[in-house]
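# Architecture at a glance
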Amino acid sequence: MLVLLSYSIHGSILDIRARGDWTLKNISHATARTLSRRQKEIIKAIRSQKLEKIQLNYKAFPSQKVLWGSFLLSFFCQLREEAQKKSISVDISYLPQQMQELLAVSYAASIDIKQKSNKNIFHILGLWIEKKVQQVLAAMDFVGEISLAMLKFFAGKATISAKDVWQEIYNAGASSLPIISLVSVLLGLILAFVSAVQLQVLGAEVYVSSLITVSMVRVMSPVLTSIVIAGRIGASYAATIGSMQVNEEVDALKTFGINPVEFLVLPRFLALTLMMPFLTVYADFMGILGGYAVIALGWDISFYSFLDNVQMFTHMHHIFIGLFHAFIFGILIALSGCYQGIISGRDAEAVGRATTLAVVHSIIGIIVSTSIVTIILSGFNL
């Protein structure tokens, strides 16, 4: 079938007319070469002539249906790009309706790509700030949902299973004792050895017991325990809930009218918040025990001397401060792990990313909150 491409210039108007069947199966190699040469002529005319308007027109021959393909459409798109560079208007009103719609979509897409590629540093900075503000607002919404779920829980109206709560208490508590025991004992050993070596110069190694105890009870045990729990439990929360997002189980809960925050997040939040103070007390005991082992074996200090110094210098407010730290850390770890799981994407890579972010954000939150609480308590001479 015959395929034609012609053009004419009337003053400042370039009239381009296409005729025939432009589908690829109808265009031979020879015809394609001829059309390509004609297209180059038209583009050269656009670049060299002083034009104000380009008029595009397509019609099939009387014995044909309206047949045009990607070959003609891509050429018209190229013409629009050339016209845009020269600020020339393009009239597509004489084209078939479907072709007009496709040209409009492709033109809008090309404009969007160019806008994205032409962003300056201030635009990029603005987009980054907007993204961070949206993330903060989403996190605040999540905290608000948790708060409402807690109110419903205390009112006895929350969709929560007691079996799930006890299971999460076991996972966060009893199953974490071995690793906490090992880490706490080793920390106590390190603190005791370093402190004793320094105090031995002054002949005051007997006071190592008070230094170990106050350090462990007040800050070291809560911080170290929370970091271990963040890597073990916080990551588990993010991975579990994120996997449920991938498998569309969270969507299934919403379909059945079950609030995912109450059903999935609240048991984990309650379990970890309640267990962190108990785990911290256990870590205190194991750390002091490890410190005593170093003092007893290396410096021959009796158990009663060790215990007298512990009782003399360790006050109740040190213990309460440590428990307060642990309570805050439990909230932060549970929120970070569950939040990253809830907002996780729908693929395996997103679950891995959520797990990593849960641990990183938990540790950052632990360090920042420790600094803030320490500064506030210092202002009250505590």
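Residues numbered from 1 in each chain as written. Predicted model: local features only at pLDDT ≥ 70, side-chain atom pairs only at ≥ 80, totals over all residues. Heavy atoms only, no water.

This paragraph deals with the overall build of the chain. The secondary structure content of the chain amounts to twelve helices and four strands. Against the globule reference of 21 Å for 382 residues, the chain gives a C-alpha radius of gyration of 36 Å, more extended than a compact globule. When the backbone C-alpha atoms are referred to their principal axes, the chain occupies close to 110 × 55 × 40 Å. Put simply, the chain has 382 residues, and 42% of those count as buried. Counting only contacts in the chain whose residues sit at least 6 apart along the sequence, the fraction spanning at least 24 positions is 80%. Surface summary for the chain: the accessible area is close to 21,100 Å², and the carbon and sulfur share equals 65%. (Helix = DSSP H or I, 4+ residues; strand = E, 2+ residues; numbered from the N terminus. Rg over C-alpha atoms; globule rule 2.2 N^0.38 Å. Buried < 20%, exposed > 50% of the residue type's maximum accessible area, 1.4 Å probe, protein only. Contact = heavy atoms within 4.5 Å. Areas by Shrake-Rupley, 256 points an atom, 1.4 Å probe, with all protein chains shown as cover.)

What follows deals with the packing of helix α6 (residues 177–200) against helix α9 (residues 260–298). Axis separation between α6 and α9 bottoms out at 7 Å; the angle between their running directions is 45°. Between α6 and α9, the interaxial angle falls into the category oblique. When you trace α6 past α9, the crossing you get is right-handed. On α9, the residues touching Leu177, Ile180, Ser181, Ser184, Val185, Gly188, Leu189, Ala192, Phe193 and Ala196 of α6 are Leu279, Tyr282, Ala283, Met286, Gly287, Gly290, Gly291, Ala293, Val294 and Ile295. (Axes fitted to C-alpha atoms, helices over the stretch in contact; angles between N-to-C directions. Parallel < 35°, antiparallel > 145°, perpendicular 65-115°, else oblique. Left-handed = near helix turned anticlockwise from the far one by under 90°.)

Enumeration according to the criterion identifies six salt bridges in this entry. Across the pair Glu262 and Lys152 runs a salt bridge whose closest N-O atoms are separated by 2.7 Å. With Glu262 in helix α9 and Lys152 in helix α4 (residues 121–154), the pair connects residues that are 110 residues apart, well separated along the chain. (Salt bridge = Lys/Arg side-chain N within 4 Å of Asp/Glu carboxyl O.)

Turning our eyes to something else, we now look at the confidence of the model for the chain. Looking at the chain as a whole, the pLDDT averages 82, with 91% of positions reaching at least 70. Within the chain, the element-level pLDDT minimum falls on helix α3 (residues 97–117), averaging 62, and the maximum on helix α11 (residues 316–342), averaging 91. (pLDDT = per-residue confidence, 0-100.)

The next thing to look at is unusual backbone geometry. At Glu248, a residue that is not glycine, the phi angle is positive and equals roughly 65°. One can find Glu248 in the loop between α7 (208–246) and α8 (249–255).

Further remarks concern the nonpolar core. Counting residues in hydrophobic clusters, the biggest one holds 32 residues, and the most contacted among them are Phe142, Ile146, Ile229, Val265, Leu272 and Met276. Going through the elements one at a time, α4, α7, α9 and α11 are the ones with two or more residues in this core. Here Leu272 is in contact with Ala172, Ile229, Ile233, Tyr237, Gly330, Ile333 and Ala334, once residues within four sequence places are set aside. Counting residues in each nonpolar core, the second largest holds 25 residues, with Ala18, Ile27, Ile42 and Leu51 among its members. (Core = buried A, V, L, I, M, F, W, Y, C linked by side-chain atoms within 4.5 Å.)

For strand β2 (residues 13–20), a buried count of six out of eight residues is recorded, marking the element as mostly surrounded by other parts of the structure. Of the strand pairs in this sheet, β2 and strand β3 (residues 53–59) are connected by seven bridges, and their pairing is parallel. When the bridges of β3 are listed, Ala18 appears paired with Tyr58. (Pairing = 2+ DSSP bridges.)

Moving on to the side chain of Ser344. Here Ser344 shows up in the loop between α11 and α12 (348–379). Residue contacts for Ser344: discarding those within four places in its chain leaves Gly242, Gln245, Ala350, Val351 and Ala354.

Applying the stated rule across the entire model yields two aromatic pairs. Arranged with centres 5.3 Å apart and planes meeting at 55°, the rings of Phe142 and Tyr339 form a pair that is tilted. Separated by 197 residues along the polypeptide, Phe142 in helix α4 and Tyr339 in helix α11 bring together distant segments of the chain. Neither residue differs from the other here; Phe142 and Tyr339 are each classed as buried. On the numbers, 5.5 Å between centres and 65° between planes, the contact of Phe153 with Phe154 is edge-to-face. Using a relative accessible area of 64% as the deciding quantity, one classes Phe154 as exposed. (Phe/Tyr/Trp six-rings, centres within 6.5 Å; stacked < 30°, edge-to-face > 60°.)

Together, Leu125, Trp128, Ile129, Val133, Val136, Leu137 and Met140 make up an exposed nonpolar region whose accessible area comes to about 680 Å². Among the secondary structure elements, Trp128 is positioned in helix α4. (Patch = residues over 30% accessible without salt bridge, like charges linked within 9 Å, V, L, I, M, F, W, Y side chains within 5 Å.)

Structurally, Asp15 can be placed in strand β2. A distance of 2.9 Å separates polar atoms of two side chains, one belonging to Asp15 and the other to Arg17. If sequence neighbours within four positions are ignored, Asp15 has contacts with Ser6, Tyr7, Ser8, His10 and Gln55. (Polar contact = N/O pair within 3.5 Å; in protein donor to acceptor, adjacent residues only side chain to side chain.)

The subject of this paragraph is α6. Each turn of an α-helix holds 3.6 residues, which means side chains three or four residues apart point in the same direction. In a regular helix each residue adds 1.5 Å, so 24 residues correspond to 34 Å; α6 covers 33 Å between its end C-alpha atoms and thus fits that length. Along α6, the positions that sit buried rather than exposed are Ile180, Ser181, Ser184, Leu187, Gly188, Leu191, Ala192, Ser195, Ala196 and Leu199. Residues of α6 that are buried in the fold lie against α7 and α9. (Expected span 1.5 Å × (residues − 1).)

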